[in-house]
Amino acid sequence: VYSCCYLSRRLNQLSSHDPLWKRHCKKYWLISEEEKSQRNQSWKAIFISTYSDLGRYIRYYATLKKAWDDLEKYLGQRCPRMIGSLKESVREEDLDAVEAQIGCKLPDDYRCSFRIHNGQKLVVPGLMGSMALSNHYRSEDLLDIDTAAGGFQQRLGLKQCLPLTFCIHTGLSQYMALESVEGRNKYEIFYQCPDQMARNPSAIDMFITGTSYLEWFTSYVNKVVTGGYPIIRDQIFRYVHDKECVATTGDITVSVSTSFLPELSSVHPPHYFFTYRIRIEMSKDALPEKACQLDSRYWRITNAKGDVEEVQGPGVVGEFPIISPGRVYEYTSCTTFSTTSGYMEGYYTFHCLYYKDKFFNVTIPRFHMVCPTFKVSTARMVSGDAVVLILETNHNEYAVDEDEDSTDTDEYEDRRRVLDIPAPSGRCPRHT
């Protein structure tokens with residue numbers, strides 16, 4: 001319309017119709033009435049000036065700006081100190097300079113996000129989520145563009161991959177493939193996973209976390225702002241809760257959330273590490289004489305091959321919590337599978353405090369744990385010969401022949417109160 005207006009008087013009149021530009025400003029640039037009044041310009045002038053700066057991002061800007069705005073609003077109410085770690089936007093020339101430095105084009109959705117916020121400072125907690133177990137802690141920062149460019153990879157196994165996140169405790173990053181090489185799709189996002197059974201150090205498997213920056217970032221933000229991830233100690237914890245994974249026995253309700261830990265997992269050998277967070281709560285309307293104490297636990301653990309393991313033991317986290325009306329008890333634990341998926345279920349045994357000879361079981365609902373989709377390395381060395389494997393593996397399609405089984409690890413369980421940052425450590429004590 002703006003270009004054609006010079007050829008037609010009617011189009012010229014139409015192109016100056018401010019309500020038309022108001023609609024476009026709100027749709028593409030999310031310009032509010034308040035911002036418009038502050039800029040003291042017509043809607044047409046605002047659209048044109050914004051387009052001259054951000055026009056290449058018109059497909060992505062509104063979606064990413066809304067995601068950032070929603071995230072800032074949510075964190076401002078629940079994790080205000082995290083807001084202070086966000087960096088201001090970068091300029092087009094800064095992004096162009098990074099492309100020249102690394103010799104690769106950055107996707108427009110990625111560039112667009114950095115025109116809104118240049119990631120965050122390298123601080124704890126990280127914007128992209130945390131996870132804590134005994135002697136293991138992960139918190140991922142969203143890297144600023146210069147730090148990301150400094151970590152750009154050209155080595156075999158991670159060729160032309162750009163880090164998006166970084167954990168200062170574990171060294172873990174999520175990478176984005178800037179080209180379709182080594183079996184990756186262009187702009188695919190993944191956690192690297194060294195193949196521990198290959199002789200070739202460039203044999204790196206991948207746990208896939210996104211197909212594009214836009215999908216990866218907005219899906220994460222949506223999970224955060226809708227309460228899909230719990231906020232614990234002013235941090236975003238990446239536990240996923242299935243709303244059906246709740247069981248009530250009498251006045252006691254047990255619910256479970258789970259999370260996959262890529263930094264403690266491997267594809268070769270098949271070893272998939274999961275953590276789960278259990279919440280035990282007695283209804284506030286329960287009678288005082290319903291107060292009880294947990295004595296023991298029973299687990300039935302089943303892997304994807306149908307192999308079953310049963311585990312029984314005293315207490316949880318080495319303790320015997322007392323549950324009374326309105327009280328909540330939470331703890332975290334972990335388990336491993338040699339298959340890409342599995343599930344656990346069981347019960348706790350309690351005794352009544354008022355009637356000490358009365359015992360009863362409380363159901364732990366069945367909860368499933370599933371490894372993310374992964375890709376096997378395209379370069380594995382077997383007996384000195386290169387074997388090319390380009391295989392995207394779905395959750396239940398990967399066959400394993402290992403004898404390793406899943407194991408209950410309540411001896412390493414930890415209560416919610418220890419979710420403060422522990423001393424840095426290479427692995428969870430489960431594996432020491």
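- In the annotation of an unreviewed UniProt entry, the entry for the chain reads F-box only protein 3, and the organism field reads Eudyptula minor.
- Under the UniProt heading Subcellular location (unreviewed entry), the entry covering the chain gives this text: "Nucleus".
- Heading Subunit (unreviewed entry) of the UniProt record for the chain holds this comment: "Part of a SCF (SKP1-cullin-F-box) protein ligase complex SCF(FBXO3) consisting of FBXO3, SKP1, CUL1 and RBX1. Interacts with PML, interaction is direct and takes place either alone or within the SCF complex."

Regarding the packing of aromatic side chains
A ring pair, where both rings are aromatic, is described by two values, the distance of the centres and the angle of the planes.
Okay, step 1: Throughout the structure, instances matching the rule amount to 22 aromatic pairs.
Okay, step 2: Pairing Trp21 with Phe47 gives two aromatic rings, centres 5.3 Å apart and planes at 50°, and the pair type is tilted. In this pair, Trp21 sits in helix 2 (residues 18–28) while Phe47 sits in helix 4 (residues 43–54), placing the two residues 26 residues apart along the sequence.
Okay, step 3: The class for Trp21 is buried, based on a relative accessible area of 5%.

Quick look at unusual backbone geometry
Okay, step 1: In this structure, the amide linkage connecting Val124 to the following residue, Pro125, adopts the cis form with an omega of 5°.
Okay, step 2: Within the secondary structure layout, Pro125 lies in the loop between helix 8 (108–114) and strand 1 (130–133).
Okay, step 3: Cis geometry marks the peptide bond from His268 to Pro269; its omega dihedral reads 0°.
Okay, step 4: For Gln160, which is not a glycine, the phi torsion comes out positive at approximately 60°.

Digging into the environment of Val316
Okay, step 1: Tracing the chain through its elements places Val316 in the loop between strand 15 (308–314) and strand 16 (322–323).
Okay, step 2: Along the primary structure Val316 and Thr332 are separated by 16 residues, whereas in three dimensions their C-alpha atoms are 9.7 Å apart.

Some details on the packing of helix 5 (residues 61–78) against helix 10 (residues 213–225)
Okay, step 1: Put simply, helix 5 and helix 10 touch, their axes get as near as 10 Å, and they point 30° apart. Here helix 5 is positioned roughly parallel relative to helix 10, judged by the angle of their axes. For the pair helix 5 and helix 10, the crossing hand works out as left-handed. Counted together, Thr63, Leu64, Ala67, Trp68, Asp70, Leu71 and Tyr74 of helix 5 and Tyr213, Leu214, Phe217, Thr218, Val221, Val224 and Val225 of helix 10 form the full contact between these two elements.
Okay, step 2: Class assignment for the residues of the contact of helix 5 with helix 10 results in 11 nonpolar, 2 polar and 1 charged.

Focus: the pairing of strand 15
Okay, step 1: Bridge analysis of strand 14 (residues 292–303) against strand 15 gives 7 bridges, and the strand direction is antiparallel. Residue pairing for strand 15: Trp299 is matched across the bridge by Val311.
Okay, step 2: Between the antiparallel neighbours strand 14 and strand 15 lie 4 residues, among them Gly306 with a positive phi of about 90°.

Considering the pairing of strand 17 (residues 328–337)
Okay, step 1: In terms of burial, strand 17 is largely enclosed, as 9 of its 10 residues are buried.
Okay, step 2: When strand 13 (residues 272–282) meets strand 17, the two strands line up antiparallel, connected through 10 bridges. In the strand pairing of strand 17, Tyr272 is matched with Phe337.

Digging into the packing of helix 2 against helix 4
Okay, step 1: It is the contact of helix 2 with helix 4, at a shortest axis distance of 7 Å, that shows an interaxial angle of 40°. Taken as axis vectors, helix 2 and helix 4 run oblique relative to one another. When you trace helix 2 past helix 4, the crossing you get is left-handed. Where helix 2 approaches helix 4, its residues Asp18, Trp21, Lys22, His24, Cys25, Lys26 and Tyr28 are matched on the opposing element by Trp43, Lys44, Ile46 and Phe47.
Okay, step 2: Of the residues that constitute the contact of helix 2 with helix 4, the class distribution is 6 nonpolar, 1 polar and 4 charged.

Reading the values: the criteria
- Residues numbered from 1 in each chain as written.
- Predicted model: local features only at pLDDT ≥ 70, side-chain atom pairs only at ≥ 80, totals over all residues.
- Heavy atoms only, no water.
- UniProt positions renumbered as here; feature names shortened; annotations may be inferred.
- Phe/Tyr/Trp six-rings, centres within 6.5 Å; stacked < 30°, edge-to-face > 60°.
- Helix = DSSP H or I, 4+ residues; strand = E, 2+ residues; numbered from the N terminus.
- Buried < 20%, exposed > 50% of the residue type's maximum accessible area, 1.4 Å probe, protein only.
- Axes fitted to C-alpha atoms, helices over the stretch in contact; angles between N-to-C directions.
- Parallel < 35°, antiparallel > 145°, perpendicular 65-115°, else oblique.
- Left-handed = near helix turned anticlockwise from the far one by under 90°.
- Contact = heavy atoms within 4.5 Å.
- Nonpolar A, V, L, I, M, F, W, Y, C, P; charged D, E, K, R; others polar.
- Pairing = 2+ DSSP bridges.

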